[in-house]
Amino acid sequence: MNNELQPDWAKTVLDPTATIADAVQVLNDASLRLVLVLDQQKKILGTVTDGDVRRGLIQQLGMSAPVSAIMNRKPVTVNSRMGRNSMIQLMREKDILQLPVVKSDGTVVGVEFLQSLTVRPTVQNVAVLMAGGFGRRLQPLTETTPKPMLKVGSKPILEIIVDQLADSGFRKIYISVFYKAGLVQEYFGRGEKWGVEIDYLVEESPLGTAGALSLLPDDIGAYPVLVMNGDILTRVDFSKLIKFHEEQRCGLTVGVREYDFQVPYGVISVEENRILEIAEKPVHTFFVNAGIYVVDQGLIDRINRHSRRDMTEVIEKQLSSNQSVNAFPIHEYWMDIGMIEQYEQANWDIRNEAND
């Protein structure tokens, strides 16, 4: 999803007591071709374009008239969670070039532009999505549907991930499949709908979260590979993750997430038979594996073809051989949809975002 808002949108802001002349000056000086009329709480009251100004002048409103007299009081706006493709479609349907981005209370947080949205970035790295698992902890939902194809909101989990990768500039995606592989292959095909090329790593038997990497062809290039479990929802910026990996110059980067665990009892520290202190229901914070990795080609080449291996084994082997493994903290939204409770939470989150 495109959350990169233009940094200079604030130059277009006027309050409702400003004049049409003020609006003309903004439209002439700014490259945004839009005036945002906001109240003191930065909530949107309306927008003004060059067409609004000209219509006001035709109606014989003077340049000293308030901008509120010509503003569009019901502008088309979007929330910051809307995906890039949806924004493009909306702009084309409404025949507009800019979209104010607002929170649920009407507070403006930016502006999106058709031109910038349609110029898509491109990265040379390929992405591998692990989608072959049985999803037993999500039964009975997964008895007929592979876990990555369960819908969160209106889309399967895997489609949400593919959308994000496409928005981030990935052009080549591999999906590892085993359980009910045909349903995944039939849905995504070759990836044309998403503007990417999709191929499949078909496992003859379950290969684990790392073993499927051995099925990658030899001609994918020398760039690090993004690897991600197909049941993860996150807002992490994949381009920042890859840049971090390249800057650290190591073979493996692991996305990590803070996890808080609260002990449900008072914890007592004892020395011999004396109580030193008591901590009532303390909270301990850990980093947990977020299921997102960047892996160098050299490391992939060392995975035996068609052998089962989990990514945790790869990490442990790197550490035991004194090879660096870097952690990339993920502070953005992240949800591992492994159980019914998490699946329900993800759907609640999506519904809540739609109203934000």
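Look up: the structure comes first, before these words.
Residues numbered from 1 in each chain as written. Predicted model: local features only at pLDDT ≥ 70, side-chain atom pairs only at ≥ 80, totals over all residues. Heavy atoms only, no water.

1. With respect to the packing of helix α5 (residues 157–167) against helix α6 (residues 181–188)
We count it as follows: Every axis in this analysis is a line fitted to C-alpha atoms, fitted for helices over the stretch in contact. Angles between the N-to-C directions lie between 0 and 180 degrees. Numbering of helices and strands runs from the N terminus; a helix is a DSSP stretch of H or I covering at least four residues, while a strand is a stretch of E covering at least two. For classification, angles of less than 35 degrees are called roughly parallel, those exceeding 145 degrees roughly antiparallel, those between 65 and 115 degrees roughly perpendicular, and all remaining angles oblique. Throughout, a crossing is termed right-handed when the near helix is turned clockwise from the far one, and left-handed when it is turned anticlockwise from it by less than a right angle. In what follows, a contact means two residues having at least one pair of non-hydrogen atoms within 4.5 Å. Gly counts as polar in this scheme, as do all residues outside two lists: the nonpolar Ala, Val, Leu, Ile, Met, Phe, Trp, Tyr, Cys and Pro, and the charged Asp, Glu, Lys and Arg.
Two elements in contact, α5 and α6, have axes whose closest approach is 11 Å; the angle formed by their N-to-C orientations is 45°. On the basis of their axis angle, the class for α5 and α6 is oblique. With respect to the hand of their crossing, α5 and α6 are arranged in right-handed fashion. Every residue of α6 that contacts α5 at L158, E159 and V162 is listed here: V184, Y187 and F188. A per-class count over the contact of α5 with α6 returns five nonpolar, no polar and one charged.

2. A few points about the layout of surface pockets
Applied cut-off: In this analysis, the protein atoms alone were mapped onto a 1 Å grid. Cavities are point sets where a 1.4 Å probe fits without being able to get out; pockets are open sets with protein on both sides within 12 Å along at least five of seven lines; lining residues have an atom within 4 Å of a point. Grid points are joined across faces, edges and corners, and a volume is the space filled by probe spheres set on the points.
Its boundaries defined by the atoms lining it, the largest pocket holds a volume of some 680 Å³. Lining the largest pocket are 32 residues, and of these G133, F134, K147, T209 and D231 lie nearest its centre. Mapped by element, the contributors of at least two residues to the lining of the largest pocket are α7 (208–211), β16 (283–295), α10 (311–320) and β18 (334–336). The residue inventory of the lining of the largest pocket, partitioned by class, reads 13 nonpolar, eleven polar and eight charged.

3. So, the side chain of R309
Quick note on the threshold: For every residue, the accessible area obtained with a 1.4 Å probe (protein chains only) is divided by the maximum for its type, and the residue is called buried under 20%, exposed over 50%, and partly exposed between those limits. Charged residues are defined narrowly, with Lys and Arg counted positive, Asp and Glu counted negative, and His plus the chain ends left uncounted. A side-chain nitrogen of Lys or Arg and a carboxyl oxygen of Asp or Glu constitute a salt bridge if their distance falls within 4 Å.
Tracing the chain through its elements places R309 in the loop between α9 (297–301) and α10. One buried charge, R309, has no salt-bridge partner; the nearest side chain with opposite charge is E313, at 4.7 Å.

4. Quick notes on helix α1 (residues 20–29)
Counted only if it meets this: The arc in question is the one traced by the directions running from the helix axis out to the C-beta atoms.
Every buried residue of α1 is listed here: I20, A23, V26 and L27. In an axial view of α1, the angular spread of the buried residues amounts to 115°, which keeps them on one side of the axis. Turned more than 90 degrees off the buried face of α1, the exposed positions are N28 and D29. In this structure, the buried residues of α1 make contact with β1 (13–14), β2 (35–38), β3 (44–48) and α2 (50–58).

5. So, the sheet that holds β2
Test applied: Note on pairing: DSSP must find at least two bridges between two strands before they are called paired.
The strand order across the open sheet built from three strands is β1-β2-β3, with neighbouring strands paired in mixed fashion. Taken across any chain shown, the strands that pair with only one partner, and hence form the sheet edges, are β1 and β3. Inspection of the sheet shows β2 paired to β3 by four bridges, in the antiparallel sense. Among the inter-strand pairings, V37 is bridged to a residue of β3, identified as G46.

6. With respect to the pairing of strand β10 (residues 197–202)
Our working rule: Crossovers are marked right-handed if the path from the first strand over the helix to the second runs clockwise, as seen with the strands pointing away from the viewer.
Where strand β9 (residues 172–177) lies against β10, six bridges are found, and the strand directions are parallel. In the strand pairing of β10, Y174 is matched with D199. Taking the sense of rotation as the criterion, the β-α-β connection linking β9, α6 and β10 turns out right-handed.

7. Some remarks on the sheet that holds strand β13 (residues 252–262)
The strand order across the open sheet formed by seven strands is β10-β9-β6-β11-β16-β13-β17, and the pairing between neighbours is mixed. Edge strands, defined here as strands with exactly one partner in the open sheet, are β10 and β17 (325–329). Sheet twist, expressed as the mean angle between neighbouring strand axes with direction ignored, is 35°. Across four bridges, the pairing between strand β6 (residues 127–130) and β9 is parallel. Each residue of the ladder has a partner; that of A127, found in β9, is I173. Contacts between α5 and the sheet are confined to β6, β9 and β11 (225–229), with β6 contributing the most and set at about 170° to the helix.

8. Some thoughts on helix α3 (residues 84–94)
Among the residues of α3, those classed as buried are R84, M87, I88, L90 and M91. For α3, the angular spread of buried residues about the axis comes to 165°, placing them on one side. Of the exposed residues in α3, the ones pointing more than 90 degrees away from its buried face are R92 and E93. D95 sits one or two positions beyond α3 and adopts a positive phi of about 55°.

9. A closer look at unusual backbone geometry
Here the bond from Q139 into P140 is cis, since omega is 10°, no more than 30 degrees from zero. Within the fold, P140 resides in the loop between β6 and β7 (151–152). In the Ramachandran plot, R249 falls in the positive-phi region, its phi being about 55° despite a non-glycine side chain. With respect to the helices and strands, the residue R249 is situated in the loop between α8 (238–248) and β13.

10. Observations regarding the environment of T17
Condition: Any pair of N or O atoms that falls within 3.5 Å is considered a polar contact. Within protein, one atom must be able to donate a hydrogen and the other to accept it, and sequence-neighbouring residues count only if both atoms are side-chain atoms.
Tracing the backbone through its elements, the reader meets T17 in the loop between β1 and α1. For the pair T17 and I350, spaced 333 residues apart in the sequence, the C-alpha separation amounts to 38 Å. Only 2.4 Å separates the side chain of T17 from the side chain of D15, close enough to count as a polar contact.

11. Structural notes on the pattern of salt bridges
Per the stated rule, a full pass over the model turns up seven salt bridges. A salt bridge links D52 to R55; the shortest N-O distance between them is 2.7 Å. Placement of the pair is D52 and R55 together in helix α2, with a separation of three residues, close to one helical turn. Residue R55 is classed as partly exposed on the basis of its relative accessible area, which comes to 48%. E197 is paired through a salt bridge with K172; the nearest N and O atoms lie 2.8 Å apart. Here E197 is found in strand β10, whereas its partner K172 is found in strand β9, with 25 residues between them in sequence. Each of the salt bridges in this network shares a partner with another, and the network as a whole consists of K172, R190, E197 and D199.

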